[in-house]
Amino acid sequence: MYTQAMDTAPAEERQPLRSADEVQLEARFEARIAEGGFIEAKDWMPEHYRKTLVRQISQHAHSEIVGMLPEGNWVTRAPTLKRKAILLAKIQDEAGHGLYLYAAAETLGTSRDQLLHALHTGKAKYSSIFNYPTLSWADIGVIGWLVDGAAIMNQVPLTRCSYAPYARAMVRICREESFHQRQGFDSLRVMMEEGSDAQRAMVQDAVNRWWWPSLMMFGPPDGESTHGAQSARWGIKRISNDELRQKFVDATFEQAQVLGVSLPDPLLKWNAERGHHDFGPIDWAEFWRVVNGHGPCNRERLAARVNAWEEGAWVREAALAHAQKQARKQAQKQTANALQEAQAA
Ligand SMILES: [Fe+2]
Ligand SMILES: [Fe+2]
């Protein structure tokens, strides 16, 4: 699903000293981006740009596959066959998004094993929204509506990201994310319009719990976002965290009214002067607590991923052994053919 503008670059990624050649290459690179051009995997790029992208794309990929876990929790308890089929398809889409994104990150020269190792050892981040639990069936609808909805706001500008393999992956992903958002909204609409009072209360409770974490998905406020300016200059991030958050609040406000749910913010109201909705302060202390590993489900999520990696070892080994066997057979065949040709000659 889900990029989160966390801007958590480690200190060792500071810009190194450059040679005269590199300065010239970098000027050419920057000019290309300034005129709206794209960078391909084979093109020269500054090391810092490469590292920024590896970090961002891999955080995004990790978020896709960790995001499968809270939803997977409800596959066996979906209320109808139709909802179960939709949920399974959505979770499968998220796995696909993870794969597109790992493949895009690999074009920058970091292997998938390295990327996953960083996730499993807690070095790499993923979107902190997935460290919250899914307590009721309504949470699944709310994840589609709010979490996939916030993801779309974040991700549509990434389809114009200067790094072409990432931009291309995002085009495919965004098409699927908008289905995810609509299925979530539809599931909630059915509960609100045709459900019992208890079901409507369940939806409202889920909205109350997911609203603020959804706003946090856009990352820290612009003033505290240390790498935002550089990412904007490089055409990686084209719209700021706060601008995206505002767009999301404006769009969601009306959708909440259509659904008949209230958003848990007494300060949320239309501001005619600004032409936007005002909203209350976000609890950034909670955001950083969850990002830094102390949310309700951080341990559980990471343990599930590590376990899946360990349990899948035999599959990777078998696939490698099969590939080696095929390569050996192919080589033997080629040698035999070459011998035959030599004898015939
Ligand atoms: Fe999604
Ligand atoms: Fe996704």
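All values derive from a computational prediction rather than experimental measurement. (Residues numbered from 1 in each chain as written. Chains lettered and ligands numbered in written order. Predicted model: local features only at pLDDT ≥ 70, side-chain atom pairs only at ≥ 80, totals over all residues. Heavy atoms only, no water.)

Draft legend 1. Examining the overall build of the protein more closely. For the protein, the count of helices and strands is 13 helices and two strands. By principal-axis analysis of the C-alpha atoms, the protein measures approximately 85 × 55 × 35 Å. Classification of the 345 residues of the protein by burial places 47% in the buried group. For the protein, the proportion of contacts with a sequence separation of at least 24, taken over those separated by at least 6, is 80%. Here the protein displays about 17,400 Å² of accessible surface, and carbon together with sulfur accounts for 56% of that area. Across the protein, the 40 positively charged side chains and the 42 negatively charged ones have centroids separated by 5 Å. (Helix = DSSP H or I, 4+ residues; strand = E, 2+ residues; numbered from the N terminus. Buried < 20%, exposed > 50% of the residue type's maximum accessible area, 1.4 Å probe, protein only. Contact = heavy atoms within 4.5 Å. Areas by Shrake-Rupley, 256 points an atom, 1.4 Å probe, with all protein chains shown as cover. Lys, Arg positive; Asp, Glu negative; His and termini not counted. Charge placed at Lys NZ, Arg CZ, Asp CG, Glu CD.)

Draft legend 2. Focus on the pattern of salt bridges. Within this structure, the stated rule accounts for 18 salt bridges. Among the ionic pairs, Asp-186 bridges to Arg-83, the shortest N-O distance being 3.2 Å. A residue pair is termed long-range when its members are at least 10 positions apart, and Asp-186 in helix α7 (residues 164–194) and Arg-83 in helix α4 (residues 81–106) qualify at 103 residues. Residue class for Asp-186 comes out partly exposed when judged on its relative accessible area of 24%. (Salt bridge = Lys/Arg side-chain N within 4 Å of Asp/Glu carboxyl O.)

Draft legend 3. Spatial organisation of the coordination of the iron ion (ligand 1). Surrounding the iron ion (ligand 1) are the protein donor atoms Glu-94 (OE), Asp-148 (OD), Glu-177 (OE) and His-180 (ND1), at 1.9 to 2.2 Å. Donor residues for the iron ion (ligand 1) sit on one chain with the sequence pattern E-x53-D-x28-E-x2-H. (Donors = N, O, S within 2.8 Å, 3.2 Å for Na, K, Ca; no water.)

Draft legend 4. Representation of the nonpolar core in the model. Grouped together as the largest cluster of nonpolar side chains are 78 residues, with contacts concentrated most on Tyr-49, Leu-53, Ile-57, Trp-145, Tyr-163, Tyr-166 and Trp-210. Per-element accounting of this core gives the leading share, eleven residues, to helix α6 (residues 137–155). (Core = buried A, V, L, I, M, F, W, Y, C linked by side-chain atoms within 4.5 Å.)

Draft legend 5. Region of interest: the state of the cysteines. Under the definition given, this model contains zero disulfides. Among the cysteines around Cys-174, which has no disulfide bond, Cys-161 carries the closest sulfur, lying 12 Å off. By relative accessible area, Cys-174 is classed as buried at 11%. (Disulfide = S-S within 2.5 Å.)

Draft legend 6. Molecular detail of the environment of Lys-237. Secondary-structure assignment places Lys-237 in the loop between α9 (228–233) and α10 (241–259). Relative accessible area serves as the criterion here: at 17%, Lys-237 is assigned to the buried category. With 35 residues separating them along the chain, Lys-237 and Met-202 place their C-alpha atoms 36 Å apart. In terms of polar contacts, Lys-237 uses its side chain to reach the backbone carbonyl oxygen of Ile-239, at 3.3 Å. (Polar contact = N/O pair within 3.5 Å; in protein donor to acceptor, adjacent residues only side chain to side chain.)

Draft legend 7. Focus on α10. Over its 19 residues, α10 runs 26 Å from end to end, which matches the ideal 27 Å to within 8%, given 1.5 Å per residue. Burial in α10 covers these residues: Asn-241, Leu-244, Arg-245, Gln-246, Phe-248, Val-249, Asp-250, Thr-252, Ala-256 and Leu-259. Among the structural elements, α6, α7, α8 (197–216), β2 (276–278) and α11 (284–294) are those in contact with the buried residues of α10. Gly-260, located one to two residues past α10, shows a positive phi value of around 85 degrees. (Expected span 1.5 Å × (residues − 1).)

Draft legend 8. Looking closely at the side chain of Thr-134. In this structure, Thr-134 sits in the loop between α5 (112–120) and α6. Judged by its relative accessible area of 5%, Thr-134 is buried. Only 2.9 Å separates the side chain of Thr-134 from the backbone oxygen of Pro-70, close enough to count as a polar contact.

Draft legend 9. Local environment of the packing of aromatic side chains. Summed over the entire model, instances satisfying the criterion amount to ten aromatic pairs. Centroid distance Phe-29 to Tyr-49: 4.8 Å. Interplanar angle 75 degrees. Geometry classified as edge-to-face. Separated by 20 residues along the polypeptide, Phe-29 in helix α1 (residues 20–34) and Tyr-49 in helix α2 (residues 47–66) bring together distant segments of the chain. In this pair, the class of Phe-29 matches that of Tyr-49, namely buried. Measuring from ring centre to ring centre gives 6.4 Å for Trp-74 and Trp-137, while their planes differ by 65 degrees; the resulting arrangement is edge-to-face. (Phe/Tyr/Trp six-rings, centres within 6.5 Å; stacked < 30°, edge-to-face > 60°.)

Draft legend 10. Up close: the packing of α2 against α4. Where α2 meets α4, the axes come as close as 8 Å, and the angle between the chain directions of the two elements is 160 degrees. Compared by their axis directions, α2 and α4 come out roughly antiparallel. Crossing handedness for the pair α2 and α4: left-handed. Across the interface between the two elements, Ile-57, His-60, Ala-61, His-62, Glu-64 and Ile-65 from α2 touch Glu-94, His-97, Gly-98, Leu-101, Tyr-102, Ala-104 and Ala-105 from α4. (Axes fitted to C-alpha atoms, helices over the stretch in contact; angles between N-to-C directions. Parallel < 35°, antiparallel > 145°, perpendicular 65-115°, else oblique. Left-handed = near helix turned anticlockwise from the far one by under 90°.)

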